[in-house]
Amino acid sequence: NILLLADMENAETYDILLLCNEILLRAGFPVKYIPESEFENITYKDLRQYSAIGLIIATDEGIHTEMLKEYLTESGSVVSLYSSSYSNIAPLLGSVYDSSLESFNDGYKIFQEMVMSNGHTIVNEDMEWQTGPLSPGENAKILGTDFTGGTPLIWASNVENGKVMV
C-alpha cells in the first residue's frame, strides 16, 4: 500500500500526483492520496498501514514531524517526489536544509544503483533542472547528479529504522 501526500492546489504538484498515481496503479500497487488540506487529521495509525509514503508537496508546514519520525522508526519508507522547502523534516529525509543551495543545472546522470541495471547509467546532457534547498546528509548514498557529477540530484538514506529517498 502506498500513500501519496499531495498539494492539490499547486498545478505542478497536482500533475505529479496524477502521473505517480497512474504509474503506481499500472504497476499493480494499491494507492491512496490525501490532500494537504487534510494533513492535520492524519494520525500515526493512519500511516502505519502503508509500506511507503510519497511526498508531493511544496512545503512541509502541514507535516507532523514526530508522526513521520515514528513512521520511520517502525521501518516505513518515505520518498520525496517534488523538490520542496522541507526545512522542518529535512533531517528525517536524511538531508540538510539550506535555502542558498537552489541553482539551475544542466543534464543528469542516474547511477546504476538507482535503475538496477547491468552497469548502465542513464544520462541526459541537455535537460535543465533546478535544485531545491536540500542536500544529502552525511550518511546518504548519492544515486544521481547533474551531468558534471558536481550537484546531487537523487539520494537515499536509512533514517531511524526506515528508508528515505529524495
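Look up: the structure comes first, before these words.
If you're wondering where the values come from, they're calculated on a predicted model, not measured in any experiment.

Undergrad: Any chance you could explain the pattern of salt bridges here in plain terms?
TA: Within the structure shown, the criterion is met by one salt bridge. One salt bridge in this structure joins Arg-26 and Glu-22, with 2.9 Å as the shortest N-O distance. A residue pair is termed a helical-turn pair when its members lie 3 or 4 positions apart in one helix, as Arg-26 and Glu-22 do in helix α1 (residues 11-26) at four residues. Take Arg-26: its relative accessible area is 69%, and that puts it in the exposed class.

Undergrad: Could you clarify how one ought to interpret a negative patch on the surface in this entry?
TA: Where like charges cluster on the molecular surface, the negative patch consists of Asp-106, Glu-125, Asp-126 and Glu-128. The leading source of residues in the negative patch is strand β7 (residues 122-130), at three residues. Locating Asp-126 in the fold gives a position in strand β7. We classify Asp-126 as exposed; its relative accessible area is 67%.

Undergrad: Sorry, what's going on with the nonpolar core here?
TA: Note that soluble globular proteins tend to have their nonpolar side chains buried in a common cluster. Core analysis: the largest hydrophobic core is formed by 28 residues, its most contacted members being Leu-5, Ile-53, Leu-55, Ile-63, Tyr-71, Val-78 and Leu-93. By residue number, the principal contributor to this core is helix α3 (residues 65-73), which donates four residues. Excluding its chain neighbours within four sequence positions, the residues that come into contact with Ile-63 are Leu-5, Phe-39, Leu-55, Ile-57, Leu-68 and Ile-89.

Undergrad: Is there a simple way to think about the pairing of strand β3 (residues 52-56) in this case?
TA: Strand residues, when the strand is regular, have side chains that alternate between the two faces of the sheet. Across the five residues that make up β3, a large majority, five, are buried. On β3, burial covers both faces: Ala-52, Gly-54 and Ile-56 on one face and Ile-53 and Leu-55 on the other are all buried. Summarising the sheet, strand β1 (residues 2-6) and β3 pair through five bridges and their orientation is parallel. The residue bridging Ile-2 from the neighbouring strand is Ala-52, located in β3. Bridging between β3 and strand β4 (residues 77-80) involves four bridges; their strand directions are parallel. Across the sheet, Leu-55 pairs through a bridge with Ser-80, a residue of β4. Tracing the backbone out of β3, into α3 and back to the parallel element β4 gives a crossover that is right-handed.

Undergrad: Where do I start with the environment of Ser-84 in this structure?
TA: Summarising the element assignment, Ser-84 is placed in the loop between β4 and β5 (95-97). Among the polar contacts made by the side chain of Ser-84, one reaches the main-chain carbonyl oxygen of Tyr-82 at a distance of 3.0 Å.

What counts, and where the lines are drawn
- Just so you know, the residues in each chain are numbered from 1, in the order the chain's sequence is written.
- Note on the predicted model: pLDDT of at least 70 is required for a residue's local features to be given, and 80 or more for side-chain atom pairs to be given and counted; whole-chain, interface and lining totals, by contrast, use all residues.
- Excluding hydrogens and water, the side-chain values take into account all heavy atoms of the structure.
- Basic side-chain nitrogens of Lys or Arg form a salt bridge, by our definition, when they fall within 4 Å of a carboxyl oxygen of Asp or Glu.
- Each helix corresponds to a stretch of at least 4 residues labelled H or I by DSSP, and each strand to a stretch of at least 2 residues labelled E; elements are numbered beginning at the N terminus.
- Throughout this description, buried means an accessible area under 20% of the type-specific maximum (1.4 Å probe, protein chains only), exposed means over 50%, and partly exposed covers the range between.
- Each patch is built from residues that are more than 30% exposed by relative accessible area and take part in no salt bridge. Like charges join if they lie within 9 Å; nonpolar side chains (Val, Leu, Ile, Met, Phe, Trp, Tyr) join within 5 Å.
- All accessibility values rest on the Shrake-Rupley procedure with a 1.4 Å probe; residue burial counts only the protein chains present in the view.
- Two residue types count as positive, namely Lys and Arg, and two as negative, namely Asp and Glu; His and chain ends fall outside the count.
- Positions of charges follow a simple convention, taking NZ of Lys, CZ of Arg, CG of Asp or CD of Glu.
- Here, the term nonpolar core denotes a set of buried Ala, Val, Leu, Ile, Met, Phe, Trp, Tyr and Cys residues that are joined through side-chain atoms within 4.5 Å.
- We call two residues in contact whenever any of their non-hydrogen atoms come within 4.5 Å of each other.
- Each pair of strands is called paired provided DSSP finds at least two bridges between the two strands.
- Orient the strands so they point away from the viewer; a crossover is then right-handed if the path from the first strand over the helix to the second runs clockwise.
- What qualifies as a polar contact is a pair of N or O atoms within 3.5 Å, subject to a donor-acceptor requirement within protein and to the restriction that residues adjacent in sequence count only when both atoms come from side chains.

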